[in-house]
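Here is what each chain is made of, one letter per residue.
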Protein chains: 2
Amino acid sequence: MAAASGNKKARTHPPYELLYHPGIPGRGEFIRLVFEAAGVSYKDVANESDEGTKSVYALVDPASTGDKDGNPPPFALPALRIPGEGKNGNALVIYQTPAILAHLGDKLHLAGSDEAQRAWVMGHALTALDLNNEAHDTHHPIAVSDYYEAQKEEALKKAKVFREQRIPKFLAYFERLLTGNREQGDGKYLVGNQLTYADTTLWHVLSGLHFAFPKEMEARQKDYPTLFQTFYPAIQEINGLKEYLTSDRRGPFSMGVYRHYPELDRE
Amino acid sequence: MAAASGNKKARTHPPYELLYHPGIPGRGEFIRLVFEAAGVSYKDVANESDEGTKSVYALVDPASTGDKDGNPPPFALPALRIPGEGKNGNALVIYQTPAILAHLGDKLHLAGSDEAQRAWVMGHALTALDLNNEAHDTHHPIAVSDYYEAQKEEALKKAKVFREQRIPKFLAYFERLLTGNREQGDGKYLVGNQLTYADTTLWHVLSGLHFAFPKEMEARQKDYPTLFQTFYPAIQEINGLKEYLTSDRRGPFSMGVYRHYPELDRE
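Fair warning: this is a prediction, and the values are worked out from it, not measured in the lab.

**Details of the UniProt feature "domain: GST N-terminal" (unreviewed entry) in chain A**
Then, in step 1: According to UniProt, the feature "domain: GST N-terminal" (unreviewed entry) maps to residues 15–112 of chain A in the numbering used here.
Then, in step 2: For residues 15–112 of chain A, the end-to-end C-alpha separation is 23 Å, with 37% helix and 15% strand making up the annotated structure.

Quick look at the structure:
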């Protein structure tokens, strides 16, 4: 997978390396969208070569107590490696999607314009990621280590609750945020008058929900007009994101966090 | 509930207000521990008066699009209100446990000593909070809105997986972090050579697991000697935390995130 399209900003940033599972958007996609929106180059290590994939899995070796550069081992992927930004000019490795988003948000000017906005952006992104996690748990309510088919009965129950209670609760909340920020954000931004990583994160969660629960989302859209008529289309038209989302670098949803099991969707 | 014990630092900080459900430690406890460890005063609003409780629930009114001070509505509790720190001298309100911890960690010097440590502290705290959330889901695997008894069959399955797979995976990870940081942290700190909010957060999760799964934790402790023989006892002896944890301000676990259902524990 190639780096973001040429942008003058790219030269002023370190050579960021996204470390994530190959072949699926997954939680790595939240990080990719930030780079693409900022027009900043990055390596998508596991998607670029088999050796890259190997190096990513070596990083989360369950025996590791850290790397030679003094970084602690990540608990799970995604992780971000930033050559030159660690101790004594070594590489820095950080992990956990919200921590990576917070770090990049600050560096790439996607975290709001002051300290208050910065905290709100983090809060809203965390809320969107909670929705992401709940969507995942609809097909794995009992054991992440087991097959969907082995927990399908529970998945049917969990998905019903998710569709009937959790989706409207979260979507109504984001609609309220957009309404409350309409004067500055014009329905297009959750916080202030410019794009933040809260917007890109929410956008991707919504795109995943459209894939996993197409009937449910179709039926619900009319209840959240700002979210679906203004915010969602506006974000995907943003410079950088538009080019990325229409490129073959944007990986399709398949069997990751978002899965389309028709029996889990509305009838 | 009274404020933290008198400390000279308290006078240099704004009058922090923790907004959380009354009567349970819950996710509010992660915020309390940071204040107590820093020796900084705070109001525990819902625990101080019925009016306080009312004001907390007004904040998360599902019709709210924000408050008169220009703050967006929190999705859920806990939230933190900081009079004087918002726009035009108004109050600032932020929400989401990790966002509040990150904000306070910076202000109260509990977020590590440089940018790398700051990112690691956030990553480790998020991982401990993931474990917290998984512990919650053992008794509510299907619907957070329904009773435990209505989802007990699924809870038994989920708790088995949690005890046999997830607890050892997380505990082994934190043992590895402590081992990898032994030179600086001496087994007492996850990052660097001083207390951070990652430590207080992990400590509280472990204390909750001891309450909810006493047999499982008893059987597992010997496998993680640094975590249980060094880290856990060291954190609860820290100035501020020791006084708090032995006071009646430390609320007991009961029917919140951590619940002791013997049938969910090891036999």
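**Topic: the UniProt feature "domain: GST C-terminal" (unreviewed entry) in chain A**
Then, in step 1: Residues annotated by UniProt as "domain: GST C-terminal" (unreviewed entry) correspond here to residues 114–253 of chain A.
Then, in step 2: Structurally, residues 114–253 of chain A is divided into 69% helix and 0% strand, and its ends, taken at the C-alpha atoms, are 35 Å apart.

**Here's the deal with the interface of chain B and chain A**
One frequent convention defines the size of an interface as the accessible area lost when the parts assemble.
Then, in step 1: Opposite the 56 residues of chain B that make contact, chain A presents 56 residues.
Then, in step 2: Between chain B and chain A lies a buried interface of about 4500 Å² when both sides are counted; carbon and sulfur atoms form 59% of it.
Then, in step 3: When the buried surface of chain B facing chain A is broken down by residue, Phe75(B), Trp120(B) and Arg176(B) rank first, second and third, together holding 17% of it.
Then, in step 4: The interface formed by chain B and chain A includes four salt bridges.
Then, in step 5: A salt bridge links Lys107(B) to Glu115(A); its shortest N-O distance comes to 2.8 Å.

**Considerations on the pattern of salt bridges**
Residue and element names in this part refer to chain B.
Then, in step 1: With the rule as written, the count across this model stands at 34 salt bridges over all chains.
Then, in step 2: Glu29 serves as the salt-bridge partner of Arg250, at 2.8 Å between the closest nitrogen and oxygen. Residue Arg250 is located in the segment after α11 (241–245), and its partner Glu29 is located in helix α1 (residues 28–38); the two are separated by 221 residues in the primary sequence. Take Arg250 and Glu29: they sit in the same class, and that class is buried.
Then, in step 3: Between Asp44 and Arg32 there is a salt bridge, and its shortest N-O distance comes to 2.6 Å. Linking Asp44 in strand β2 (residues 42–44) with Arg32 in helix α1, this pair joins segments that are 12 residues apart in sequence. For the pair shown, Asp44 and Arg32 are each scored as buried.

Parameters and conventions
Residues numbered from 1 in each chain as written. Chains lettered and ligands numbered in written order. Predicted model: local features only at pLDDT ≥ 70, side-chain atom pairs only at ≥ 80, totals over all residues. Heavy atoms only, no water. UniProt positions renumbered as here; feature names shortened; annotations may be inferred. Helix = DSSP H or I, 4+ residues; strand = E, 2+ residues; numbered from the N terminus. Contact = heavy atoms within 4.5 Å. Buried area = accessible area lost by both parts, 1.4 Å probe. Salt bridge = Lys/Arg side-chain N within 4 Å of Asp/Glu carboxyl O. Buried < 20%, exposed > 50% of the residue type's maximum accessible area, 1.4 Å probe, protein only.

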